[in-house]
Amino acid sequence: MDAVGVERNGGGIAPLRHDWTRIEAQRLYARPFAELMHQAQCIHRLNFDPNHVEMASLLSIKTGGCPEDCSYCSQSAHYDTGVRATRLMHRADVIATAQRAKDAGATRFCMAAAWRSPKGRDLDQVCDMVSAVKGLGMETCVTLGMLTREQAGRLSDAGLDFYNHNVDSSREFYGNIVTTRTLQDRIDTLAHVRDAGLKVCCGGIVGMGERVEDRLGMLTILANLPSHPESVPINLWNVVKGVPVNDTAERPDPISLARLVATARIMMPKSVVRLSAGRQYMTDELQALCFLAGASSIFIGDVLLTTKNPQRDRDANLLDRLGITSGLA
Ligand code: SAM
Ligand code: DTB
Ligand code: SF4
């Protein structure tokens, strides 16, 4: 059972589960659509305001030149993607960007670096950035690659709220997309993050040519972590030219995406499911369906790290038509 204890569902009190099987996830996912959506909505409403969506903002504080070989990523040095490698941004520029994001309505600021893992001096600088962004009154999240226990502790001491580190896919599919770090490496980092008292943001990507079973395998890994991640980003692969994953990979059909979000909602009732990368390809109707299925967080801003995100006006218009409160300015 999670530290948060129990969750109420329609039938009373049920413990948060960490013993999901893939078959159970498949059964849920395959329920008649109306039943699946109803179940997800009931659980969502017990745990969240159904008319609110959280706004997060993303900044690439160190772009490109990454030694890892993640085959979906524009920032890997293994592939020729046209992304220019940069140095770590200056603190003042990061703070100014965070302030603009706050003014635009973001409540969480996520800083990402294209590293295998942070080096000592780099981590000092990121800790400084975290403290400064916290000082603006925003929630902070960083994603810097693999961490030791000691590094997680330093980030926690700097006042960090969330650490993002994704499992990316199922156990079976994982080896097709990354060879330079194992899934177990990632799970070890998540344990260090948790032990340091940080909140965990952990999800993955769909649309890289994996099967539905892989997507459900990914949810099963997440739901069976010792504690459910507080945030679960579901990324739809944003096409990048020059990487091994290519755009002949079939994009999940819209109904299957809504099913996946609903299944995540049911398996991890208290986790905030974020519709992350790939919203640029989604119609307004599909995003609305995903919000009904239990997604309640998005990234705002015209770019994510190196790829596109919907324009602010489009997001504002959609949320307005849905009567969703967000603070989007
Ligand atoms: N380098 C750090 C790491 O991998 O741990 C942090 C940054 S990395 C860009 C964060 C996550 O973004 C990846 O784990 C992956 O799930 C997601 N991601 C990367 N490229 C993507 C793409 N083209 N489309 C969708 N999601 C992507
Ligand atoms: C996550 O799961 N999605 C965000 C955040 N964590 C760091 C990153 C999405 C990256 C999309 C590809 C890009 O813009 O380069
Ligand atoms: Fe590097 Fe992260 Fe991209 Fe992998 S996903 S290549 S670790 S930036």
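Refer to the structure printed above.
Analysis parameters
- Residues numbered from 1 in each chain as written.
- Chains lettered and ligands numbered in written order.
- Predicted model: local features only at pLDDT ≥ 70, side-chain atom pairs only at ≥ 80, totals over all residues.
- Heavy atoms only, no water.
- Helix = DSSP H or I, 4+ residues; strand = E, 2+ residues; numbered from the N terminus.
- Buried < 20%, exposed > 50% of the residue type's maximum accessible area, 1.4 Å probe, protein only.
- Contact = heavy atoms within 4.5 Å.
- Areas by Shrake-Rupley, 256 points an atom, 1.4 Å probe, with all protein chains shown as cover.
- Lys, Arg positive; Asp, Glu negative; His and termini not counted.
- Charge placed at Lys NZ, Arg CZ, Asp CG, Glu CD.
- Axes fitted to C-alpha atoms, helices over the stretch in contact; angles between N-to-C directions.
- Left-handed = near helix turned anticlockwise from the far one by under 90°.
- Nonpolar A, V, L, I, M, F, W, Y, C, P; charged D, E, K, R; others polar.
- Expected span 1.5 Å × (residues − 1).
- Phe/Tyr/Trp six-rings, centres within 6.5 Å; stacked < 30°, edge-to-face > 60°.
- Lys NZ or Arg CZ within 6 Å of the ring centre and 35° of its normal.
- Near = heavy atom within 4 Å.
- Parallel < 35°, antiparallel > 145°, perpendicular 65-115°, else oblique.
- Polar contact = N/O pair within 3.5 Å; in protein donor to acceptor, adjacent residues only side chain to side chain.

So, on to the overall build of the protein. Scanning the protein for helices and strands turns up eleven helices and eleven strands. Across its three principal directions, the C-alpha atoms of the protein cover 50 × 40 × 40 Å. In the protein, buried positions account for 57% of the 329 residues. Counted over contacts in the protein with a minimum sequence separation of 6, partners at least 24 positions apart contribute 74%. Total accessible area on the protein stands at roughly 13700 Å², and carbon and sulfur atoms take up 52% of it. With 37 positive and 37 negative side-chain charges, the protein shows a separation of 1 Å between the mean positions of the two kinds.

What follows deals with unusual backbone geometry. Despite not being glycine, D168 has its phi angle at roughly 75°, a positive value. As for its position among the elements, D168 is in the loop between β6 (162–164) and α6 (171–177). The exposure class of D168 is buried, given its relative accessible area of 2%.

Next up on the list: the packing of helix α1 (residues 22–29) against helix α8 (residues 212–223). Angle between the axes and distance between the axes: these two values describe a pair of packed helices. Relative to each other, α1 and α8 sit at 115°, their axes nearing to 9 Å. Between α1 and α8 the crossing geometry is right-handed. Two secondary-structure elements touch here, α1 through R22, A25, Q26 and Y29 and α8 through V212, E213, L216, G217 and T220. Residues belonging to the contact of α1 with α8 are distributed by class as follows: four nonpolar, three polar and two charged.

In this section: α8. For α8, built from twelve residues, the straight-helix expectation of 16 Å at 1.5 Å per residue is met to within 8% by its first-to-last C-alpha distance of 17 Å. Among the twelve residues in α8, ten count as buried, and that is most of the element. When we look at burial in α8, the residues that qualify are D214, R215, L216, G217, M218, L219, T220, I221, L222 and A223. On its buried face, α8 is in contact with α1, α6, α7 (183–195), β8 (204–206), β9 (231–236) and α9 (254–267).

Scanning all chains against the criterion turns up zero aromatic pairs. When the ring centre of Y281 is taken as reference, the NZ or CZ atom of R251 above it lies at 3.6 Å.

Taken together, C66, E68, C70, Y72, C73, S76, A114 and R181 form the complete shell of residues around ligand 3. For the shell around ligand 3, the per-class residue count stands at five nonpolar, one polar and two charged.

This part is about the packing of α9 against helix α10 (residues 284–293). Interhelical geometry of α9 versus α10 gives an angle of 20° and a closest axis separation of 8 Å. Looking at the two axes, α9 sits roughly parallel to α10. In the crossing of α9 with α10, the sense of the turn from one axis to the other is right-handed. Residue-level contacts link P254, I255, L257, A258, V261, A262 and R265 of α9 to L286, L289, C290 and A293 of α10.

Looking now at the environment of L46. In this fold, L46 is placed in helix α2 (residues 33–47). Overall, L46 belongs to the partly exposed group, its relative accessible area being 30%. In this structure, the C-alpha to C-alpha distance between L46 and K270, residues 224 residues apart in sequence, is 9.1 Å.

What follows is about the site of ligand 2. In the vicinity of ligand 2 there are 13 residues, among which N166, N235, L305, T306 and T307 approach most closely. Residue N166 places a side-chain N or O atom 2.8 Å away from an oxygen atom belonging to ligand 2. One of the backbone N or O atoms of L305 is found 2.9 Å from an oxygen atom in ligand 2. Isolated, ligand 2 exposes 410 Å² of accessible area, and the fraction of that covered by the protein chains is 87%. In the shell around ligand 2, the residues fall into six nonpolar, seven polar and no charged.

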